[in-house]
Amino acid sequence: MIQKSSSVALALPKAGSGNAAGTRFASNPAKTRGRLLFEPPSRTRTEFQRDRDRIIHCRAFRRLKDKTQVFIYDEGDHFRTRLTHTIEVAQIARSLSRALGLNEDLAEALALAHDLGHPPFGHAGERALDACMKEYGGFDHNAQSLRVVTKLERSYATFDGLNLTWDMLEGLVKHNGPLTTREKKALGEEIPRAIIEFNEKCDLQLWSFASAEAQAAALADDIAYDAHDVDDGLRAGLFTIDDLKETLLGKEIVEDVDALYPGLEAPRRQHEVARRFITRLIEDVIFESMTRLQNLSGQGADAVRYASTPMIAFSENMAVQERELKNFLRARMYRHPRIMTVMENAQEGLSAIFNSYFNKRDILPPNWLEGADVVDMPRFARRVCDFLAGMTDRLALQEIDRLTNTKPDLRI
């Protein structure tokens, strides 16, 4: 017998119904600002569906399956990889967009593409490449994602990259907010050179917010990180479920689960806790974003871009609790001595093979040497960086062994 779910007094829209306020501001694929190189429209897909499909079928997307999220790819069968993280972000982005009446295809495509530029070994790999490239423009995984989709993918007959829509490129670059003032003065950290150079030939309006869909994808990334890092951290034994009570959100969720299911076996208890983090965070974003969109004047995606604040966001109270959770994870997981030791070993290994390729150029694969200007040091350094950033953890470990005759211990 199928039991009916008990009713819950939440004013969420029905699945698939969308939200009237959000629908006013949804990106319209028929009104995209186009692609850098003109292509005839597809007879069967919208422009954003076409973008999504190109991402899924590109080589950089396939490589995500063997790239680190927090734990090295072969640490265990159930830990997240960069690919499983990306799939979870895409699911949450679609859920948010559906509830808010936004364009699900654009939100999903942005979620699927957001980590294409991540190097092997997660943020340790990013730190290593940034240090190696200090004199040549540094390394930033968001800027690298832009390079992947505009230059490094080389599968199409008439262009490099994926020739994605302007809306996609804007969302990749600005999903965390504007990068400059209208007067082109950088906000915060220095803007990566790859973004500046691309913006000179294709104005991404770095002074404005991105679309509501890009903002939804960015929040989906935060939600996925928080929830699955809680799950993976518990699985790895870096902290316990009861430790989560040190945070306000964790305390509420753990106590809710224990009240509903006293004596629940550990694996089920862990899953119930982790999935409630996702639910709480998603529902908060939906309610807060509905209010913000309803109070926004104007019409169309540009009204969101030109607003003075983000339109897709946590409530003020949840934003505080979410930061508290991130601080907990930073202290108890990302900076756990076991994790730090592994990441330091990975960072040293990637730095070593960068120096090997940079100083012995003929050991680069022939297709990466083709057209390389060995006189232009910054350009050659970027070529080496692109090659390393595209590596999977597996290939990077093989190259560390081959070029340095060492096998770093990367198991926690």
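Residues numbered from 1 in each chain as written. Predicted model: local features only at pLDDT ≥ 70, side-chain atom pairs only at ≥ 80, totals over all residues. Heavy atoms only, no water.

Okay, the pattern of salt bridges next. Proximity of charged atoms lets side chains of opposite charge pair with each other. Counted under the stated rule, the structure contains 39 salt bridges. Of the charged contacts, one joins arginine 394 and aspartate 66 as a salt bridge, the two residues approaching to 2.4 Å between their closest N and O atoms. Here arginine 394, found in helix H18 (residues 393-404), pairs with aspartate 66, found in the loop between helix H3 (59-63) and helix H4 (82-100); they are 328 residues apart in sequence, far enough to count as distant. With its nearest N and O atoms 2.8 Å apart, the salt bridge here joins arginine 292 to glutamate 288. Placement of the pair is arginine 292 and glutamate 288 together in helix H12 (residues 266-294), with a separation of four residues, close to one helical turn. Three or more residues are tied together by salt bridges with common partners; here these are Arg45, Arg52, Asp53, Arg94, Arg98, Glu104, Asp105 and Glu108. (Salt bridge = Lys/Arg side-chain N within 4 Å of Asp/Glu carboxyl O. Helix = DSSP H or I, 4+ residues; strand = E, 2+ residues; numbered from the N terminus.)

On to empty space enclosed by the protein. Under the definition given, this model contains two cavities of 30 Å³ or more. Considering only enclosed or pocket space, the largest cavity measures out at about 90 Å³ in volume. Along the walls of the largest cavity sit Leu110, His114, Asn142, Gly171, Leu172, His175, Ala214, Ala217, Ala218 and Asp221, which together make up its complete lining. For the lining of the largest cavity, the leading source of residues is helix H10 (residues 212-235), giving four residues. For the lining of the largest cavity, the class distribution of residues is five nonpolar, four polar and one charged. (1 Å grid on protein atoms, 1.4 Å probe; cavity = no way out; pocket = protein on both sides within 12 Å on 5 of 7 lines; lining within 4 Å. Points joined across faces, edges and corners; volume = space filled by probe spheres on them. Nonpolar A, V, L, I, M, F, W, Y, C, P; charged D, E, K, R; others polar.)

Under the defined criterion, the tally for this structure stands at eight aromatic pairs. Aromatic side chains tryptophan 368 and phenylalanine 387 sit 5.3 Å apart centroid to centroid with 50 degrees between the ring planes, which places their arrangement in the tilted category. Here phenylalanine 387 lies in helix H17 (residues 377-389) and tryptophan 368 lies in helix H16 (residues 366-369), a separation of 19 residues in the sequence. What makes phenylalanine 387 buried here is its relative accessible area of 11%. Of the aromatic side chains, those joined through ring pairs into one cluster are Tyr136, Phe354, Phe358 and Phe380. Lying over the aromatic face of tyrosine 156, arginine 54 brings its terminal NZ or CZ to 5.1 Å of the ring centre. The ring of tryptophan 207 carries the charged tip of arginine 182 above its face, separated from the ring centre by 3.8 Å. (Phe/Tyr/Trp six-rings, centres within 6.5 Å; stacked < 30°, edge-to-face > 60°. Buried < 20%, exposed > 50% of the residue type's maximum accessible area, 1.4 Å probe, protein only. Lys NZ or Arg CZ within 6 Å of the ring centre and 35° of its normal.)

This part covers the nonpolar core. Side chains of nonpolar character tend, in soluble globular proteins, to be buried together. Core analysis: the biggest nonpolar cluster contains 116 residues, and Ile55, Leu96, Leu116, Leu244, Phe277 and Phe354 have the highest contact counts within it. Ranked by residues supplied to this core, first place goes to H10 with eleven residues. Not counting the four nearest positions on each side in its chain, leucine 244 is found in contact with Val230, Leu234, Phe239, Gly250, Lys251, Val254, Val273, Phe277 and Phe328. (Core = buried A, V, L, I, M, F, W, Y, C linked by side-chain atoms within 4.5 Å. Contact = heavy atoms within 4.5 Å.)

Below, the discussion takes up the environment of glutamine 321. Looking at the element boundaries, glutamine 321 is found in helix H14 (residues 316-334). Along the primary structure glutamine 321 and arginine 383 are separated by 62 residues, whereas in three dimensions their C-alpha atoms are 42 Å apart. Among residues more than four places away in sequence, those in contact with glutamine 321 are Leu248, Leu249 and Glu252.

Moving on, we get to H17. Over its 13 residues, H17 extends 18 Å from the first C-alpha to the last, a length consistent with the 18 Å expected when each residue adds 1.5 Å. With respect to burial, H17 is a largely interior element, ten of its 13 residues being buried. Among the residues of H17, Phe380, Ala381, Arg382, Arg383, Val384, Cys385, Asp386, Phe387, Leu388 and Ala389 are the ones counted as buried. (Expected span 1.5 Å × (residues − 1).)

All right, on to the packing of helix H15 (residues 337-359) against H17 then. Following both chains from N to C, one finds H15 and H17 inclined at 135 degrees, their axes separated by 10 Å at the closest point. When the axis of H15 is compared with that of H17, the two are oblique. Between H15 and H17 lies a crossing of right-handed hand. Only Met377, Phe380, Ala381, Val384, Cys385, Phe387 and Leu388 of H17 make contact with H15, whose side of the interface consists of Leu350, Ile353, Phe354, Tyr357 and Phe358. Tallied by class, residues from the contact of H15 with H17 come to twelve nonpolar, no polar and no charged. (Axes fitted to C-alpha atoms, helices over the stretch in contact; angles between N-to-C directions. Parallel < 35°, antiparallel > 145°, perpendicular 65-115°, else oblique. Left-handed = near helix turned anticlockwise from the far one by under 90°.)

Per the stated rule, a full pass over the model turns up zero disulfides. Here cysteine 132 is not disulfide-linked; the sulfur of cysteine 385 is the nearest cysteine sulfur, at 8.2 Å. Its relative accessible area of 17% is what places cysteine 132 among the buried residues. Free of any disulfide, cysteine 202 has its nearest neighbouring cysteine sulfur in cysteine 58, separated by 19 Å. Judged by its relative accessible area of 12%, cysteine 202 is buried. (Disulfide = S-S within 2.5 Å.)

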